[in-house]
Amino acid sequence: MKIVLYFLNIVIIFSQQFTGFVEYQLSGRLQRNDLISNKKDYVLDEARLQLKYNHSSDFGDLFFKSDFVYDQRNNASFFDLREAYIYSTMSDWLDLKIGRHIQTWGLGDLVFINDLFPKDWVSFFSGRQDDYLKAPSNAVRFIAYPDAIGIESIDISISPSFNADKEIGTENRFASINPLFERFRSNGINIGHLEKENAQSNYELSSRLKLKQSSGMNIAFYFYRGFYKSAQTLLQENTEFNFFHSRLNVYGLSFNRNLFGGILSTEYGYYYSLDDKDGENGLISNSSNRALILYESNLSENISLGFQFYIENIQDYELISKKMLDQNDLFSNFDLDAFKDENRILNTVRLTYKTMNETLRFTIFNFWSPTDKDLYFRPKIDYDYSDQIRFYLTANIFSGYGERIDDNKKLQGILENYNNSMFSQFQKDKNINITVRYIF
Amino acid sequence: MKKLLLMTLIGFAFSQKADEIIKKSHLNYYYAKNDGKANVTMTLVDKNENEKVKKFIMSRLDLKEGGEQRYFIYFEKPSDISKMTFMVYKYNDKDDDRWLYIPAIDLVKRIAASDKSSSFVGSDFSYEDVSGRHWTLDNHELIGEEELNGSIVYKVKSIAKTEDYFTSKISYISKENYLPLKEEYFDKNNDIFKRFEVLEVKEIDGVATAIKRKMFDFKNNQYTIINFDKIEYDIGLKEEYFKERYLKKAHRTMR
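Heads up: these notes are all about the structure in this document. For clarity, every value in this text was computed on a predicted model and none was experimentally measured.

## Section: the overall build of chain B
Okay, so step 1: Tallying secondary structure elements over chain B gives 3 helices and 13 strands in all.
Okay, so step 2: The globule rule puts the C-alpha radius of gyration for 255 residues at 18 Å, and the 19 Å found for chain B is close to it.
Okay, so step 3: Judged by the C-alpha coordinates and their principal axes, chain B covers about 70 × 45 × 35 Å.
Okay, so step 4: By residue count, 57% of the 255 residues in chain B fall in the buried class.
Okay, so step 5: Of all intrachain contacts in chain B linking residues separated by at least 6 positions in sequence, the fraction that spans at least 24 positions is 44%.

Below you can see the structure in the form of C-alpha cells.
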C-alpha cells in the first residue's frame with residue numbers, strides 16, 4: 001500500500017509532462033513447484049509505474065518510456081528503460097531511428113520466424129501484458145523508401161551488441177526442464193558460461209526488403225545476421241561444458257493478402273547454423289527450415305478467429321544422436337526424441353470476442369503441438385472500467401498430454417511426473433494473473 | 001390500366017429523384033473537397049450515463065469523387081493508445097484494406113476488413129457511418145418533404161437491395177445543403193434500432209459541415225457523440241502519406 005501511495009505521489013508531480021500508468025499485478029500459482037528454489041506461491045507480485053514522454057519537432061520525434069518496478073516477490077526494485085530514441089526523417093527517402101527501442105516484424109501471431117528481435121517469455125508466461133513479450137534493444141535503424149520500381153521500403157537495423165532472449169530460468173519464476181541439462185546435472189557436471197563469448201562483442205543485423213503492395217499482396221524478404229537467441233552448450237577440450245550463443249543467419253520471406261474476407265499470411269525462414277553447418281556437432285543446433293501459415297477473419301461483428309500452423313524441420317537430424325555420442329560418453333542412451341523432434345509442429349488458435357463497445361474483451365489464445373503433445377492455453381479478459389481504470393485477467397495454463405518423459409530420468413526418480421517439451425515442462429507453473437492499471 | 005402506368009411512371013420519377021438526392025448528399029457529406037482533416041472527440045455514453053472519451057485526428061483523401069478513398073487516424077487519448085494509427089483504403093467494389101500500428105511493440109498489422117456495420121473504434125458509429133454507404137446498394141424512394149429543426153428536408157426511404165444489417169432507412173436530407181440531418185434505421189420487424197442526428201452545422205471553407213453528430217443505439221440504450229474540431233479542407237494531402245512509413249510516424253500534416 002505504502003509503495004502505491006509513493007507511486008501516486010510521483011504520478012501527481014509528473015502528470016503535467018508525462019503520460020503513462022501505475023499498475024499492480026499478482027500472478028498466483030495454481031500449484032506448488034518444488035523445482036523453484038524459493039517455493040513462492042506467486043510468479044509475480046509487483047507494482048509498476050510507467051512514464052512516457054514524447055516531444056515532436058520538425059527534426060523528429062524524441063520518445064522516452066520507462067518503467068519503475070517494485071518487485072515484492074523477489075524483494076527488488078528496479079528501473080526498466082523500455083524505450084529512449086530519436087526518430088527522424090533525414091530526407092524524402094530516409095528515416096532514422098536511433099536509441100533504445102522495441103522492434104517487431106513478420107506475420108506470425110505470437111510465433112516468430114524472421115523476427116529475431118529479443119523476446120521476454122518470462123513476462124509472457126507470467127501474464128504481464130502482451131507488449132512485454134517484446135524486449136527492447138539498443139539499435140540504429142535505417143528505413144529507406146527508395147523511389148525504385150516495386151520497392152516500398154528497406155529496413156536495416158544494427159545492434160552494436162547481441163541481444164539474447166530472456167532465459168526462462170532467470171528471476172527464479174519458472175523452472176525449465178531440459179533433458180540435456182538434467183543429464184549434465186545428474187552426472188554432477190556444472191555448465192559454466194563461456195568467458196569470452198563471440199556474441200557479446202559482436203553486432204546483430206536485421207534487415208527487410210518490402211515490396212509495394214500489388215494486387216492486394218504484401219511481400220517482404222528478410223535477412224538476419226547474428227546468433228541463436230537462447231543459449232546452447234559448447235564442449236571444450238572434451239571436458240568443459242559451457243553455455244554460449246552460436247552463430248546464426250536467417251534468410252526468409254513473407255506474404256499476405258485478403259482472402260474470403262479475412263487475411264491469409266505465410267512466412268518462411270531458413271535458419272543457417274554457421275557454427276555447425278553440416279550437423280557435425282551434436283550439441284549445437286543444426287540448420288532448420290521454419291514456416292507458418294495463418295488465417296484470420298471476423299466471424300461476426302464482435303467475434304474474430306485466427307488459425308495458425310507452424311512447422312520446424314531440423315536438417316541432418318539423424319546425425320545428432322551419433323554426433324553427441326562421439327563428443328562424450330555422457331550421451332549414451334540419450335533420448336533425443338524426447339529432447340527434440342525432426343519435425344516440430346505447433347498450431348495456434350485465437351478467438352476474440354468484444355462486447356460493451358469493445359470495453360470488455362475476451363481472448364482465448366491456445367498453442368498446441370501434436371508432435372510435442374503439449375499445449376499452452378491462455379485465456380484473457382480485458383475490461384476498461386473507465387478511461388483511466390483497466391482490469392486484466394490472464395491465465396497461463398500449461399499441459400502435456402503425451403508420453404514425453406525421459407525414461408532414464410523417470411527411472412532415477414529425478415523428474416518423475418515431469419514432461420520436458422516446450423510447454424509441458426511448465427505444468428507446475430500454471431498461474432493466473434490479475435492486473436489493475438490506472439492510466440494518466 | 002392507365003392509372004397504374006401513370007403511378008409507375010410517377011414512382012419511377014420519384015425514385016430517380018431520390019437517387020439523385022442520396023447521391024448528392026453522399027458526395028457532399030463523405031467526399032467534401034479533395035481531402036479533409038479534423039480533430040475528433042468521441043464520447044460514448046452508456047445507459048448509466050458513464051462517459052468514455054477517445055480523441056484522435058482523422059484525415060481523408062479522395063482518389064476519385066464517389067470512389068476510392070484513403071483514411072488515416074492518429075490516436076491521442078486515452079494515453080495508452082496515443083500514437084497508435086489506423087489506416088483504411090476504402091474501395092467500392094471490394095473489401096477495404098486496413099492496417100493498424102501498435103507503437104508499444106512497433107507492430108504494423110494488416111487486419112481483416114470486418115463487416116461494414118461493425119463498430120468504429122468501439123463507438124455506436126459503424127465503419128459505414130464514418131466512411132459512407134454507396135448509394136447503389138439500396139433502392140431509394142422520396143416519400144415527402146418536411147421541416148426538421150427549422151430546415152426543410154427531403155424524406156427519403158431506402159431499402160437494402162440484399163439482406164443487410166438494416167432492412168430500411170429513412171433519411172432526412174437538408175434541401176439547402178444536402179446534409180443528412182437525421183437517419184433512422186429499421187430492422188425487419190420495422191423496429192427502429194439506431195438513429196443518427198446532426199446536432200450542429202458549421203460552414204467551413206464553403207462546405208456546410210456537420211461538426212457535432214450523435215448516434216443513438218436503441219438496443220443498448222446508449223449513444224455516441226462525435227465532435228469535429230479544427231476542420232480543414234484541401235490541405236494538400238498526398239497519396240504517399242497513406243503508406244506504412246506514416247503509420248509508424250504520422251506525417252506532420254496528419255497529426
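## Looking at the nonpolar core
Okay, so step 1: Core analysis: the biggest nonpolar cluster contains 51 residues, and Phe56, Met58, Phe75, Phe120, Val156 and Phe228 of chain B have the highest contact counts within it.
Okay, so step 2: Among the elements that make up this core, the one with the highest residue count is helix H1 (residues 2-30) of chain B (6 residues).
Okay, so step 3: If we ignore the near neighbours within four places in the chain, the residues touching Val156 of chain B are Ala18, Ile21, Ile22, His140, Glu141, Leu142, Ile143, Lys169, Ile170, Ser171 and Ile173 of chain B.
Okay, so step 4: Counting residues in hydrophobic clusters, the runner-up holds 31 residues, among them Tyr228, Leu292, Tyr310 and Phe426 of chain A.

## Topic: the side chain of Ser119 of chain B
Okay, so step 1: Along the chain, Ser119 of chain B turns up in the loop between strand E6 (107-111) and helix H2 (127-131).
Okay, so step 2: A polar atom in the side chain of Ser119 of chain B sits 3.1 Å from the backbone nitrogen of Gly122 of chain B.
Okay, so step 3: A distance of 2.8 Å separates a polar atom in the side chain of Ser119 of chain B from the backbone oxygen of Ser123 of chain B.
Okay, so step 4: Ignoring sequence-local partners within four residues, the contact set of Ser119 of chain B consists of Glu301 and Glu358 of chain A together with Phe125, Ser126 and Tyr127 of chain B.

## Some remarks on empty space enclosed by the protein
Residue and element names in this part refer to chain B.
Okay, so step 1: Evaluated as defined, the whole model comprises 8 cavities of 30 Å³ or more.
Okay, so step 2: Here the second largest cavity defines a volume of roughly 390 Å³.
Okay, so step 3: Lining the second largest cavity are 28 residues, and of these Tyr29, Met58, Arg60, Arg213 and Phe228 lie nearest its centre.
Okay, so step 4: Residue assignment for the lining of the second largest cavity shows that the elements contributing at least two residues are H1, strand E1 (35-45), strand E2 (51-62), H2, strand E12 (207-217) and strand E13 (222-233).
Okay, so step 5: With 5 residues, the single largest contributor to the lining of the second largest cavity is E12.
Okay, so step 6: The class makeup of the residues in the lining of the second largest cavity is 20 nonpolar, 4 polar and 4 charged.

## A short note on the interface of chain A and chain B
Okay, so step 1: At the junction of the two partners, chain A supplies 53 residues and chain B supplies 38 residues.
Okay, so step 2: Together, the buried faces of chain A and chain B total about 3,500 Å²; carbon and sulfur atoms form 39% of this surface.
Okay, so step 3: The largest share of the area that chain A buries against chain B comes from Glu301, Asn357 and Asp387 of chain A, three residues that together contribute 17% of it.
Okay, so step 4: Applying the counting criterion to the chain A and chain B interface returns 8 salt bridges.
Okay, so step 5: Put simply, Arg255 of chain B and Asp61 of chain A hold a salt bridge, and the shortest N to O gap is 3.1 Å.
Okay, so step 6: At the surface where chain A touches chain B, the tally comes to 25 residue pairs in polar contact (both at pLDDT 80 or more).
Okay, so step 7: Looking at the side of chain A that touches chain B, the element that brings in the most residues is strand E4 (residues 76-91) of chain A, giving 5 residues.

## Side note on the sheet that holds strand E11 (residues 232-236) of chain A
All names here are of chain A.
Okay, so step 1: Reading across the sheet, the 3 strands line up as E8-E12-E11 and stay open at both edges, with mixed pairing between neighbours. With partners counted over all chains shown, the strands left at the sheet margins are strand E8 (192-193) and E11, one partner each.
Okay, so step 2: In terms of strand pairing, E8 meets strand E12 (residues 240-244) through 2 bridges, oriented parallel. Bridge pairing in E12 links Gly192 to Asn242.

## Thoughts on unusual backbone geometry
Okay, so step 1: A cis geometry characterises the amide bond from Lys77 of chain B onward to Pro78 of chain B, with omega recorded as 0°.
Okay, so step 2: Mapped onto the elements of the fold, Pro78 of chain B is located in the loop between strand E3 (69-77) and strand E4 (85-90).
Okay, so step 3: The phi dihedral of Asn75 of chain A falls on the positive side, at around 55°, and the residue is not glycine.
Okay, so step 4: Even without being glycine, Asn190 of chain B reaches a positive phi, approximately 65°.
Okay, so step 5: Tracing the backbone shows Asn190 of chain B in the loop between strand E10 (180-186) and strand E11 (192-204).

Calculation rules
Residues numbered from 1 in each chain as written. Chains lettered and ligands numbered in written order. Predicted model: local features only at pLDDT ≥ 70, side-chain atom pairs only at ≥ 80, totals over all residues. Heavy atoms only, no water. Helix = DSSP H or I, 4+ residues; strand = E, 2+ residues; numbered from the N terminus. Rg over C-alpha atoms; globule rule 2.2 N^0.38 Å. Buried < 20%, exposed > 50% of the residue type's maximum accessible area, 1.4 Å probe, protein only. Contact = heavy atoms within 4.5 Å. Core = buried A, V, L, I, M, F, W, Y, C linked by side-chain atoms within 4.5 Å. Polar contact = N/O pair within 3.5 Å; in protein donor to acceptor, adjacent residues only side chain to side chain. 1 Å grid on protein atoms, 1.4 Å probe; cavity = no way out; pocket = protein on both sides within 12 Å on 5 of 7 lines; lining within 4 Å. Points joined across faces, edges and corners; volume = space filled by probe spheres on them. Nonpolar A, V, L, I, M, F, W, Y, C, P; charged D, E, K, R; others polar. Buried area = accessible area lost by both parts, 1.4 Å probe. Salt bridge = Lys/Arg side-chain N within 4 Å of Asp/Glu carboxyl O. Pairing = 2+ DSSP bridges.

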